[in-house]
Amino acid sequence: MSVAGIPLADRLEQAPLAELMEAAAALRDQGHGRLISYSRKVFIPLTHLCRDVCHYCTFAERPRAGQPAYLSAEQVLEIARAGAAAGCTEALFTLGDKPELRYRAAREALAALGHETTIGYLREMCALVLRETGLLPHANPGVMSREEIAALREVTASQGIMLESTSTRLCEPGGVHYGSPDKQPAVRLETLRLAGELKVPFTTGILIGIGETRAERLDALRAIAELHARYGHIQEVIVQNFRAKPDTKRADAPEPDLDDLLWTLAAARLLLGPDMNIQAPPNLSPGVYQRLVAAGLNDWGGVSPVTPDHVNPEAPWPAIAELARRTAETGKLLVNRLPVYPAWARQPDTWLAPDIATRVRRMSDAEGLARDDDWAPGSTTPPPRPFAMTTAVDPSVSRSVERATSGERLDNNEIVRLFAARDADYRFVTGAADALRRSVSGDVIRYVVNRNINYTNICYFRCRFCAFSKGKTHDDLRGAPYDLALEEVSRRTVEAWARGATEVCLQGGIHPDYTGETYLAICRAIKAAVPDMHIHAFSPLEVTQGAATLGLSVSDFLARLKAVGLGTLPGTAAEILDDEVRAIISPDKVNTQQWLDVVGAAHKLGLRTTSTIMYGHVETPLSWARHLLALRDLQQETGGFTEFVPLPFVHMEAPMYRQGRARRGPTFREAVLMHSLARLVLHPHITNIQTSWVKMGPAGAATCLESGANDLGGTLMNESISRAAGTQHGQEFPPAAMEELIRSIGRIPQQRDTLYGGVSDERRIASFNAGELAPVIQTPPRKKQRAAV
């Protein structure tokens, strides 16, 4: 490896430290931006017994009379539960290496616990903590066999072993590893290799200042790099500085100075590249955080609000709030990660056992970091209040926002970066979106008085996110199958009109007995009952299916629907306009191009549509970027979208969540950013950004209205799909409540119709004097297709 024609090793030895640090920091920023991560952990020292006798270690102890050799299950759980209560996500198990091979006391203690090996007991304790507390175990048990690594993989999110050094000199008489068979470099490298073969996210690192030379440090880092290049499993490399401790053979040995630590950090970054996670424990270098960050690290490691560092008990952890503040002083943002880093968390089926994969999905956000709040779409948990530790905005963020507000088309990478906005960047993005909203649509917040009519919940499609659809003859999840009679559709329409509605919104499952005539019949029935009611109905999926059953082109079928009264189409069934994601969540549904083609055909016929996104499940921010740009490009061509509606995934009853295959919806930050970035990315082509009170809740919707949205959607009267998924936000948001919410944030409420026109005084008065809804009749399934009207 060389830089500018000079071998990297020579450059590392010859270049000034400041030059190396500058290059390392730039490389770190290329891979990690302004994020510095840490893991909120609890430290569980399962045993202090160890067969090795490292000359610098105070963690390892000899057996003592009356002193248990291992923590009991009750002690392990007590520590883990304290960590869970303090908001930890990681249970770090640290222990000595195979003490049963040296001490009879260890063998006897293990036998009493029902085990032959320490790692066997460790596996049981990892499973216990996982099951009882939900903390994700990370195990550091030392040298392991293939079978031991594989067994621990079932109950851990990650594992690790410090390589420390590849110098065999240190294992010779007089060396710090003399008498420690598990510190032979070849043995430790073999453990690292086996972990790669078994696809285990793995931690390793080097220990500096124990008698090795700088050249030997570079040899160790190169060995790590070679293993990672082969297997892709090294998720972090720790650069740990030796600390002299009393009562050890190296009690009087000199410690590496700060420049030596900085040189090693910079060398690790330059050798291992921009994407590697490079860590230095903050408790071992207090007061010099800014220098450590400047040398290229991007992670502080595990920090515990509950337990001490049992390996370095003389060095207390920094308080997490203080760590965040000190990190912010370097211009970086502290973020909480899981014990498995984002790149591996985003590929759980590859890197994690099935049960661990489920837990990681549920604990992570779209970037693979730990979720930063307990809020979820559809829940009544109050949304968190944003706060900022920094004031400086990333120049790349401000440049992209400036381009968006001027109407330029951003690219995928720019949009992905904006979705990662946190802290001051988040405030800047949401503030810019709100300012753009004000310039485009003023301070008026619009809403429509409408009624949802879901005409059937029977569906032969197998969308993995849908808790609404039912099989034809069985009950599943919430409620029983139904197939509304046309008389009930008409009755609900008449009742909606009497309550001030100007629109009925109709969607349902794809019933196996429905044909295009079914959808035509529904439109005729509504127009016969209330001629002035606007029909907003049928997603591109219903249109595609209806056209196919009649042997018509999509355009011809849309023309027939328009002729019998269809006014506009909802832009649902879009979910995520990224076929990689659609193959997972709705493999038998229309693909991205088919969805765009149906909507484009509707626009060409003068039928306008809404546009939507359903997000927060299995997709990534890159999927969001692709989706937004697909909508922008079509709108630029047709101008047919009336609005864009972000629909956050409601997870509670969704099949793919219950099966452990999805996240628990977006975080609140992600949900708000979706509205803000819709305003920015779709500008100037889609001018109305709607927020869903059903999914966001009133408080969440208010935040979105202050972050770029300008529309509160419909009053609904009935809502079935989100309720089936588990939302707790009710079925109706009456006009008075809508307007109270809008005024509470200093905006002006205005009723609208489906096409964003005004409504008559008669309609508005009727909506404010609406009577109670009559009970709905969910017509049971019928054996034959309904007759066309």
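Whatever comes next refers back to the structure up there.
Each value, and the rule that gives it
In every chain, residue numbers begin from 1 and rise along the written sequence. Only residues with pLDDT of at least 70 are given local features in this predicted model, and only at 80 or more are side-chain atom pairs given and counted; all residues enter the totals for whole chains, interfaces and linings. Only hydrogens and water are removed before side-chain values are computed, so all heavy atoms of the structure are retained for them. Each helix is a run of DSSP H or I of at least 4 residues and each strand a run of E of at least 2, with the numbering of both proceeding from the N terminus. Just to be clear, the radius of gyration here is over C-alpha atoms, and the globule rule we use is 2.2 Å times residues to the power 0.38. Residue exposure (1.4 Å probe, protein chains only): buried if accessible area is under 20% of the type maximum, exposed if over 50%, otherwise partly exposed. The protein chains shown are the only cover counted for residues, whose accessible areas, like all others here, come from Shrake-Rupley with a 1.4 Å probe. Positive charges come from Lys and Arg, negative ones from Asp and Glu, while His and the chain ends are left out of the count. Charge positions come from single atoms, namely NZ of Lys, CZ of Arg, CG of Asp or CD of Glu. In this analysis, two residues are considered to be in contact whenever any of their non-hydrogen atoms come within 4.5 Å of each other. DSSP-based pairing: two strands are paired if at least 2 bridges between them are found. Lines fitted to the C-alpha atoms define the axes, with helices restricted to the stretch that makes contact. Angles between their N-to-C directions range from 0 to 180 degrees. Orient the strands so they point away from the viewer; a crossover is then right-handed if the path from the first strand over the helix to the second runs clockwise. To form a nonpolar core, buried Ala, Val, Leu, Ile, Met, Phe, Trp, Tyr and Cys residues must be joined to one another through side-chain atoms within 4.5 Å. Expected span of a helix, by definition, is 1.5 Å for each gap between consecutive residues, and there is one gap fewer than residues. Pairs of N or O atoms within 3.5 Å make up the polar contacts considered here, provided that, within protein, one atom can donate a hydrogen while the other can accept it, and that residues adjacent in sequence are counted only when both atoms are side-chain atoms. When a carboxyl oxygen of Asp or Glu is within 4 Å of a side-chain nitrogen of Lys or Arg, the pair counts as a salt bridge. In this analysis, rings of Phe, Tyr and Trp, with Trp reduced to its six-membered ring, are considered paired at centre separations within 6.5 Å, and the interplanar angle assigns stacked below 30 degrees, edge-to-face beyond 60, and tilted for intermediate values. Think of it as a cone above the ring: NZ of Lys or CZ of Arg counts as a charge over the ring if it is within 6 Å of the ring centre and within 35 degrees of the ring normal.

Section: the overall build of the protein chain
- For the protein chain, the count of helices and strands is 30 helices and 20 strands.
- Scaling as 2.2 N^0.38, a compact globule of 789 residues should have a C-alpha radius of gyration of about 28 Å, and the protein chain matches this with 30 Å.
- By principal-axis analysis of the C-alpha atoms, the protein chain measures approximately 95 × 55 × 45 Å.
- With 789 residues in all, the protein chain has 61% of them scored as buried.
- With the model as given, the accessible surface of the protein chain reaches about 29000 Å², and the carbon-plus-sulfur share is 52%.
- Computed over 87 positive and 91 negative side-chain charges, the inter-centroid distance for the protein chain is 3 Å.

Description of the environment of Tyr103
- Positionally, Tyr103 belongs in the loop between β4 (90–95) and α4 (104–113).
- On the basis of relative accessible area, Tyr103 is assigned to the buried category, the value being 10%.
- Separated by 666 residues in the primary sequence, Tyr103 and Asn769 have C-alpha atoms spaced 83 Å apart.
- When residues no more than four places from it in sequence are discounted, the contact partners of Tyr103 are Leu49, Cys50, Glu61, Arg62 and Pro63.

Comments concerning the sheet that holds strand β19 (residues 711–714)
- Taking strand neighbours across the sheet as the criterion, the three strands line up as β19-β12-β20 in an open arrangement whose pairing is parallel. Only two strands of the sheet have a single partner each, and these edge strands are β19 and β20 (748–752). Direction aside, neighbouring strands of the sheet carry axes that sit 20 degrees apart on average.
- In the sheet, strand β12 (residues 444–448) pairs with β20 via five bridges, with the strands oriented parallel.

Notes on the pairing of strand β3 (residues 35–47)
- When you tally the buried positions in β3, you get 12 out of 13 residues, the bulk of the element.
- Pairing analysis gives three bridges linking β3 to strand β10 (residues 299–303), with the strands arranged parallel. Bridge pairing in β10 links Arg40 to Val303.
- Of the pairings in the sheet, the one linking β3 to β4 comprises six bridges and is parallel in character. When the bridges of β4 are listed, Ile44 appears paired with Phe93.
- On the question of chirality, the crossover connecting β3 to the parallel β4 by way of helix α3 (residues 73–85) is right-handed.

Observations concerning the nonpolar core
- Of all hydrophobic cores here, the largest spans 115 residues; its most connected members are Leu506, Phe538, Trp595 and Leu712.
- Per-element accounting of this core gives the leading share, nine residues, to helix α26 (residues 668–681).
- Filtering out sequence-adjacent residues up to four positions away, Leu506 remains in contact with Ile453, Tyr455, Val489, Ile522, Ile526, Ile535, His536, Ala537 and Phe538.
- If you look at the next biggest cluster of nonpolar residues, it comprises 88 residues, including Val76, Ala109, Leu194 and Ile320.

A word on helix α19 (residues 516–529)
- Between its first and last C-alpha, α19 extends 20 Å over 14 residues, near the 20 Å set by a 1.5 Å rise per residue.
- Residues Gly516, Thr518, Tyr519, Leu520, Ala521, Ile522, Cys523, Ala525 and Ile526 constitute the buried set of α19.
- Contact partners of the buried residues in α19: α18 (486–498), β14 (503–507), β15 (534–537), α20 (540–550), α21 (554–563) and β16 (566–569).

As for unusual backbone geometry
- The step from His683 to Pro684 runs through a cis peptide bond, and the omega angle for that step is 5 degrees.
- If you check the backbone angles, Lys199 has positive phi at about 55 degrees while not being a glycine.
- With respect to the element layout, Lys199 can be found in the loop between α7 (185–197) and β7 (202–208).
- Using a relative accessible area of 35% as the deciding quantity, one classes Lys199 as partly exposed.

Details of helix α9 (residues 258–272)
- An ideal rise of 1.5 Å per residue puts 21 Å on 15 residues; α9 measures up with 21 Å between its terminal C-alpha atoms.
- In terms of burial, α9 is a largely internal element, 13 of the 15 residues being buried.
- Put simply, Asp257 is the residue that caps the front of α9, since its side-chain oxygen is 3.3 Å from the backbone nitrogen of Asp259.
- Following α9 by one or two positions, Gly273 has its phi on the positive side, about 95 degrees.

A word on the pairing of strand β11 (residues 333–337)
- For β11, the buried fraction is high: five of the five residues fall into the buried class.
- Residues of β11 alternate between two faces, with Leu333, Val335 and Arg337 on one and Leu334 and Asn336 on the opposite face, all of them buried.
- Here β3 runs beside β11; their pairing, made up of five bridges, is parallel. If you follow Ser37 over to β11, its bridge partner there is Val335.

Section: the pattern of salt bridges
- According to the stated counting rule, one finds 61 salt bridges in the structure shown.
- The shortest N-O distance in the salt bridge between Arg34 and Asp425 comes to 2.8 Å. Here the residue Arg34 occupies a position in the loop between α2 (17–32) and β3, and Asp425 occupies one in helix α17 (residues 423–441), the gap between them amounting to 391 residues.
- The shortest N-O distance in the salt bridge between Arg326 and Glu322 comes to 3.8 Å. Highlighted residues: Arg326 and Glu322, both in helix α11 (residues 320–329), separated by four residues, approximately one helical turn.
- One continuous salt-bridge network, built from bridges that share partners, spans Asp365, Glu367, Asp372, Arg422 and Arg669.

Digging into the packing of aromatic side chains
- A full pass over the atoms with the stated rule returns 12 aromatic pairs.
- Between the aromatic rings of Tyr70 and Tyr121, the centroid separation amounts to 5.9 Å while the plane-to-plane angle is 85 degrees, which identifies the pairing as edge-to-face. A residue pair is termed long-range when its members are at least 10 positions apart, and Tyr70 in the loop between β3 and α3 and Tyr121 in helix α5 (residues 118–133) qualify at 51 residues. The exposure classification of Tyr70 matches that of Tyr121, with both residues buried.
- Ring geometry for Trp375 and Phe668: centres 5.1 Å apart, planes at 75 degrees, overall edge-to-face. Here the residue Trp375 occupies a position in the loop between α14 (354–363) and α15 (395–405), and Phe668 occupies one in helix α26, the gap between them amounting to 293 residues.
- What links up through ring pairs into an aromatic cluster is the set Tyr455, Tyr514, Tyr519 and Phe538.
- The aromatic ring of Phe242 is capped on one face by Arg250, whose charged end is 4.8 Å from the ring centroid.

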